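Listed below, chain by chain, are the residues.
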Amino acid sequence: MFTPLRRAAERTPPGRDRHIDLLRAVAIALVVLGHWLAVVVTYGERVGGDTILAFVSWARPLTWLFQVMPVFFLVGGFAGAASLASYRRRGGDAIGWFLCRTDRLIRPTTAFLLALGGAALLTLLLGVDPAVVGMGVWLACLPLWFLIAYVTVVLLTPILLALHRSAGLAVPASLAVAVAFGDAARLLGGPAVLGTANYLLAWAAVYQLGIAWREGALPARPRVAVPMIAGGLAALVLLTVPGPYPVSMVTDPGDRLQNTSPPTLALLALAVTQTGIALLLHERGGRMLRRTRPWTAVVAANSVIMTVFLWHMTAVVIAVPALYMTGLLPQPPPGSAAWLLLRVPWLAFLTATLAVLVVLFAFVERRGGPCPPPDAGRTGARTGAVTLAGTGLVVAGLLGAALTGAQGLPAPMLPVHFAVYFAVYFTGAALLRAARSAHRP
């Protein structure tokens, strides 16, 4: 395995911005570590759990370090703009590009949901409580939140790129203003649904910053990076400490307003800060990655990045019965010295479990699926319609699965709801695969 990865690293085109790949790898590591550290498991008459934020206040500022989803959208915007421009130069169109771009996202997700659904069905047949099975599936599905927004902004990339070329940095600024209006509606006691559009507007704003970086409107220079860091951090402090937003950048059960559901202006301030840091470290990261060994490590991490992201909460689902229901790990008060010390074996077990899952399922991500080559000609109206329908069903299925466990449904209904939404997703994924296959050589 290591020899092909090294060869792939050595064959990297000279024009590739390696710093972007490094940011993606570091971000996934921080997301996984943050989720694992935050989990609090209880086991008495039945399995339960929460986040450490529900027990100790000192953990809330730490979420500023571990909430790095903005980095994914920043990097996605940069890479999306670059690959779309390249695909078009070689004769392809936006639909063909989207089908190729999302293949790396949809294939691993489909394999994940198939395996998860099969495991859930098996445990139900073995007589496990449907409520336990349903909550386990819901916990494993938590990473799907990211894909819902990400697939949507990838679909919108041609529009967002065109908007940048006509209006520049006014586009993310306008999106931020729209996010502020959505926040104001919620803060002033309006219907919560008024802020729902921020799920798209906020992440599109961060994605647009990545496009602006790629297009040269945000050059990787200290004169740009330092003001972004200082201004973003100052805004973040003002919005959260004396301001109306919570300090925590992830879901906190103790807060009425959440910074991630939907994303808020405070989260955008964090995104601006992180963008500045990414710009400031660009030259240093590029120099380091010109060496073969660190670049090969980044290539290796990116070759399994979706597998790691999709399966890292499944490792938690496996660890709970293995460590807590067997009594191997005690349950000291969350946040205590004993609890912090026990994070070490907890993390070690999760790392080993995730490594096994990556070995079992990474081949799906590494094996390319059918993809319309750019010289195959325009995809046509029919393929475009199939692509849009498939994408809509994929997003709807992911959204339904991500929401199901939080809807307060009766226990016997949880597996039924997951089955329905999984079926919706698989129908959409099948349509996208059919669209891809129709235009491969």
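Up top is the structure.
Below: a short report on this structure. (Residues numbered from 1 in each chain as written. Predicted model: local features only at pLDDT ≥ 70, side-chain atom pairs only at ≥ 80, totals over all residues. Heavy atoms only, no water.)

## Section: the overall build of the chain
Here is step 1 of the chain: A count of helical and extended segments in the chain gives 19 helices and two strands.
Here is step 2 of the chain: Taking the principal axes of its C-alpha atoms as reference, the chain extends roughly 60 × 50 × 50 Å.
Here is step 3 of the chain: With 441 residues in all, the chain has 49% of them scored as buried.
Here is step 4 of the chain: The long-range share in the chain, meaning contacts at least 24 apart out of those at least 6 apart in sequence, stands at 81%.
Here is step 5 of the chain: Of the accessible surface of the chain, which amounts to about 19,900 Å², a share of 69% is contributed by carbon and sulfur atoms.
Here is step 6 of the chain: One way to put it: in the chain the 33 positive side-chain charges average out to a point 9 Å from where the 15 negative ones average out. (Helix = DSSP H or I, 4+ residues; strand = E, 2+ residues; numbered from the N terminus. Buried < 20%, exposed > 50% of the residue type's maximum accessible area, 1.4 Å probe, protein only. Contact = heavy atoms within 4.5 Å. Areas by Shrake-Rupley, 256 points an atom, 1.4 Å probe, with all protein chains shown as cover. Lys, Arg positive; Asp, Glu negative; His and termini not counted. Charge placed at Lys NZ, Arg CZ, Asp CG, Glu CD.)

## Regarding the side chain of T314
Here is step 1 of the chain: Positionally, T314 belongs in helix α15 (residues 305-324).
Here is step 2 of the chain: The buried category is assigned to T314, whose relative accessible area is 8%.
Here is step 3 of the chain: When neighbours within four sequence positions are excluded, T314 is seen to be in contact with F112, A140 and L357.

## Thoughts on helix α14 (residues 292-303)
Here is step 1 of the chain: The terminal C-alpha atoms of α14 lie 16 Å apart, and with 12 residues this matches the ideal 16 Å at 1.5 Å per residue to within 8%.
Here is step 2 of the chain: For α14, every residue scored as buried is listed here: P294, W295, T296, V298, V299, N302 and S303. (Expected span 1.5 Å × (residues − 1).)

## Some details on the pattern of salt bridges
Here is step 1 of the chain: Under the criterion given, the structure shown has eight salt bridges.
Here is step 2 of the chain: Close ionic contact of E365 with R104 constitutes a salt bridge, the shortest N to O distance being 2.8 Å. Here the residue E365 occupies a position in helix α17 (residues 343-366), and R104 occupies one in helix α5 (residues 94-125), the gap between them amounting to 261 residues.
Here is step 3 of the chain: On the basis of relative accessible area, E365 is assigned to the buried category, the value being 2%.
Here is step 4 of the chain: Looking at R104, the relative accessible area reads 33%, which means it is partly exposed. (Salt bridge = Lys/Arg side-chain N within 4 Å of Asp/Glu carboxyl O.)

## So, the nonpolar core
Here is step 1 of the chain: Counting residues in hydrophobic clusters, the biggest one holds 111 residues, and the most contacted among them are W36, L144, W213 and W346.
Here is step 2 of the chain: Here this core takes 13 residues from α15, the largest share from any one element.
Here is step 3 of the chain: The contacts of W36, once residues within four sequence positions are left out, are H312, A315, V316, R343, W346, L347, L350, T351 and L354.
Here is step 4 of the chain: Counting residues in hydrophobic clusters, the runner-up holds seven residues, among them L5, L22, W295 and V298. (Core = buried A, V, L, I, M, F, W, Y, C linked by side-chain atoms within 4.5 Å.)

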